[in-house]
Amino acid sequence: MKPRIAIIGAGLAGLTLARELNSIADISLFEKARGLGGRMSTRRNDTHQWDHGAQFFTARSRAFNALLAPFIASATVVEWQPNITTLSPDQAPFKRPWFEPHYVAAPGMNSLLKAMAGELDIHLSTRVEQVRAHNGGWQLFDDKAQLLGEFDWVVSSAPLPQTQELLPKSLLGDSLDRYQMLPCYSLLLTVADADLPHFDAAKVNNDPLSWISFNHRLPGRNIQAGTVVAHSTADWAARHLEDDQAQVKQQLIERFCALTQVALKAITSAQLHRWRYALSAEVTEPEAEFVLNSQAKLAACGDWCLGGRVEAAFTSAYALVQVLKAQL
Ligand SMILES: Cc1cc2nc3c(=O)[nH]c(=O)nc-3n(C[C@H](O)[C@H](O)[C@H](O)COP(=O)(O)OP(=O)(O)OC[C@H]3O[C@@H](n4cnc5c(N)ncnc54)[C@H](O)[C@@H]3O)c2cc1C
């Protein structure tokens, strides 16, 4: 009989695990959100679409390039060659060259995950609330205390604090303590301004904002002009995490206007998204690509093991797969 594996989280790490293990194990993938994306999410309405999590990704390893190759061939993943600038409140803008390929998924950032999902057995809108030891295996329960199933193995690809809530600390030891996740605010704007700045995206320095992108200029999109995503710095988000959200939104809108010279009255809609666990702090100690207790049949992986980023999520999951394949 194939081992039964529960995977928590259907972001890039969870989907990588599920795809790679699907032929040798019975995989059940649980995702609390209604749709696929995780931190590579896309939010849509009738006219606009915002990639409010990851903005782009690089592909340095052979394994990640191999995963992407068919998706590049089908134009689900497209190289992004933006006109990118650097902005700062106290310096003139300067152009910022990129020295390696940067990719986005199309038509939305979550398109890569949707394409990867294929025929996998994914339980959306299913939050795993409890992981309980039972008869030498594991039982999973949802937020209504309903049994989701019994499994031989449990692997969490949820962001670190959510993984820490779910998996018994006594079995994963202190290894999780050295990782840390940082917050971020995303501002999702529509701007009715015929005279938008000429750049496609901007890295921002010395400001509460760290990044501005005109999403309608991303490749493979068919959305109205004036679709903007702006991200705060992690530091600023941490200091204002529990502030009144309307005030946070207003402050970030004002920074956007000051940096881009877009008039406040040109902003026709604004939404704020608070990511409590957005990015990973750099890991100072020698890195482990994943966390594994083979005896207990518990594991955890995700971008946070390797200092964050899309490729880190893949690398962490892929490295765990290689070890699990030898143990299953
Ligand atoms: C604002 C922002 C900007 C970013 N910019 C970039 C960028 O430009 N380039 C880059 O490379 N990276 C960027 N990143 C980081 C990148 O998005 C992540 O590194 C990557 O998407 C992480 O993938 P993952 O699979 O490890 O985690 P996630 O995508 O977070 O997937 C984990 C999944 O677990 C689910 N989950 C959590 N708890 C439970 C539970 N109890 N039950 C069921 N499901 C659960 C979540 O809903 C989520 O879908 C950015 C992230 C953010 C937030």
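Naming follows an unreviewed UniProt entry, where the protein chain appears as Flavin containing amine oxidoreductase-like protein of Oceanisphaera avium.

Caption draft 1: Local environment of the pattern of salt bridges. Evaluated as defined, the whole model comprises 9 salt bridges. For the salt bridge of R4 with D152, the shortest nitrogen-to-oxygen distance reads 3.1 Å. Residue R4 is found in strand β1 (residues 4-8), and its partner D152 is found in the loop between β12 (147-151) and β13 (153-156); the two are separated by 148 residues along the sequence. For R4, a relative accessible area of 28% translates into the label partly exposed. What emerges from the salt-bridge pattern is a single network uniting E242, R274 and R276.

Caption draft 2: Broad picture of the domain arrangement of the protein chain. Domain annotation of the protein chain identifies domain 1 (1-32 + 126-178 + 285-328) and domain 2 (42-110 + 181-280). Just the C-alpha atoms count here: the centres of domain 1 and domain 2 sit 30 Å apart. Across the boundary between the two partners, domain 1 contributes 14 residues, which contact 14 residues of domain 2. Of the roughly 1200 Å² buried where domain 1 meets domain 2, counting both sides, 69% is carbon and sulfur surface. Interface area lost by domain 1 to domain 2 is led by V310, E311 and F314, which between them contribute 42%. Taken together, the links from domain 1 to domain 2 amount to 0 salt bridges. Inspection of the domain 1/domain 2 interface yields 2 residue pairs in polar contact (both at pLDDT 80 or more). No other element matches helix α8 (residues 310-327), which puts 4 residues into the side of domain 1 that touches domain 2.

Caption draft 3: The packing of aromatic side chains, seen in detail. Tallied over the entire structure, the rule returns 11 aromatic pairs. Plain terms: the ring middles of Y185 and W236 are 6.2 Å apart, the flat faces sit at 70 degrees to each other, and that makes the pair edge-to-face. Of this pair, Y185 sits in strand β14 (residues 181-191) while W236 sits in helix α6 (residues 234-239), and the two are 51 residues apart along the sequence. Looking at Y185, the relative accessible area reads 0%, which means it is buried. Under the relative-accessibility criterion, W236 is labelled buried at 6%. Cluster of aromatic residues (ring-pair linked, three or more members): F57, F64, Y103, F314 and Y318. Note that R217 overlies the ring of F214, its terminal NZ or CZ placed 4.9 Å from the centroid.

Cut-offs used in this document
- Residues numbered from 1 in each chain as written.
- Predicted model: local features only at pLDDT ≥ 70, side-chain atom pairs only at ≥ 80, totals over all residues.
- Heavy atoms only, no water.
- Salt bridge = Lys/Arg side-chain N within 4 Å of Asp/Glu carboxyl O.
- Helix = DSSP H or I, 4+ residues; strand = E, 2+ residues; numbered from the N terminus.
- Buried < 20%, exposed > 50% of the residue type's maximum accessible area, 1.4 Å probe, protein only.
- Domains from an automatic or database assignment.
- Contact = heavy atoms within 4.5 Å.
- Buried area = accessible area lost by both parts, 1.4 Å probe.
- Polar contact = N/O pair within 3.5 Å; in protein donor to acceptor, adjacent residues only side chain to side chain.
- Phe/Tyr/Trp six-rings, centres within 6.5 Å; stacked < 30°, edge-to-face > 60°.
- Lys NZ or Arg CZ within 6 Å of the ring centre and 35° of its normal.

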